[in-house]
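# Fold and contact review
Single-letter residue listing:
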Amino acid sequence: MADATAALDMDELRTFVADVLDVDEEDVTDDADFVKTLGVDSLMALEVMVVLEKKYSVKLEEREMKDITTLRKVHDLLDSKMGK
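### Some remarks on the overall build of the protein chain
Across its full length, the protein chain holds three helices and zero strands. A compact globule built from 84 residues should have a C-alpha radius of gyration of about 12 Å, and the protein chain, at 12 Å, falls within 12% of that. Dimensions of the protein chain, computed from C-alpha atoms along their principal axes, come out at roughly 30 × 25 × 20 Å. Scored against the burial criterion, the 84 residues of the protein chain give a buried share of 39%. Across the protein chain, contacts joining residues at least 24 apart in sequence account for 54% of those joining residues at least 6 apart. For the protein chain, the exposed surface amounts to about 5300 Å²; the carbon and sulfur share of it is 50%. Taken as two groups, the 11 positive and 22 negative side-chain charges of the protein chain have centres that lie 8 Å from each other.

Pasting the structure below:
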């Protein structure tokens, strides 16, 4: 498991999100839209949030789920949460 105090690695995050969504890692580009490109529905998005909270020891608000639309946005959100 990743050390929450370590810098957030984009490639590790990509691998992790691809695994949770059960999609090919190369499909999870930095700016691929989770809904439009990867077919993520609200249940899948919720699952990603829960798993990210556990893996990175952060608390994500329900209202933030709508902002998690690309890998880059996930990275930025986690980075800001882990920096607190």
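Resuming the write-up.
### Concerning the confidence of the model for the protein chain
Averaged over all residues, the pLDDT of the protein chain equals 87, while 90% of them reach at least 70. Put simply, helix α2 (residues 42–56) is where the protein chain has its lowest mean pLDDT, 90, and helix α1 (residues 10–21) is where it has its highest, 93. Low pLDDT (under 50) marks residues 1–5, which in the prediction has seven contacts with non-local residues, meaning those over four places away or in another chain.

### Description of the nonpolar core
Among the nonpolar cores identified, the biggest contains 25 residues, and L13, L52, Y56, L60 and L78 are the most heavily contacted of them. For this core, the secondary structure elements donating two or more residues are α1, α2 and α3 (71–82). With seven residues, the single largest contributor to this core is α1. If we skip the residues at most four places from it in the chain, L78 touches L8, L13, L52, Y56, V58 and L60.

### Observations concerning the environment of R14
Looking at where R14 falls in the secondary structure, it is placed in helix α1. Assessed through its relative accessible area of 14%, R14 is described here as buried. Residues R14 and V74, 60 residues apart in the sequence, show an inter-C-alpha distance of 9.7 Å. With sequence-adjacent residues up to four places away left out, R14 is seen in contact with E25, V28, T29, D30 and L71. Among the polar contacts made by the side chain of R14, one reaches the main-chain carbonyl oxygen of V28 at a distance of 2.6 Å.

### Some details on the packing of aromatic side chains
Within this structure, the stated rule accounts for one aromatic pair. With 6.3 Å between their ring centres and 85 degrees between their planes, F16 and Y56 make a pair best called edge-to-face. Of this pair, F16 sits in helix α1 while Y56 sits in helix α2, and the two are 40 residues apart along the sequence. Under the relative-accessibility criterion, F16 is labelled buried at 17%. Its end group placed over the ring of Y56, K55 keeps NZ or CZ at 5.7 Å from the ring centre.

How each quantity is defined
- Residues numbered from 1 in each chain as written.
- Predicted model: local features only at pLDDT ≥ 70, side-chain atom pairs only at ≥ 80, totals over all residues.
- Heavy atoms only, no water.
- Helix = DSSP H or I, 4+ residues; strand = E, 2+ residues; numbered from the N terminus.
- Rg over C-alpha atoms; globule rule 2.2 N^0.38 Å.
- Buried < 20%, exposed > 50% of the residue type's maximum accessible area, 1.4 Å probe, protein only.
- Contact = heavy atoms within 4.5 Å.
- Areas by Shrake-Rupley, 256 points an atom, 1.4 Å probe, with all protein chains shown as cover.
- Lys, Arg positive; Asp, Glu negative; His and termini not counted.
- Charge placed at Lys NZ, Arg CZ, Asp CG, Glu CD.
- pLDDT = per-residue confidence, 0-100.
- Core = buried A, V, L, I, M, F, W, Y, C linked by side-chain atoms within 4.5 Å.
- Polar contact = N/O pair within 3.5 Å; in protein donor to acceptor, adjacent residues only side chain to side chain.
- Phe/Tyr/Trp six-rings, centres within 6.5 Å; stacked < 30°, edge-to-face > 60°.
- Lys NZ or Arg CZ within 6 Å of the ring centre and 35° of its normal.

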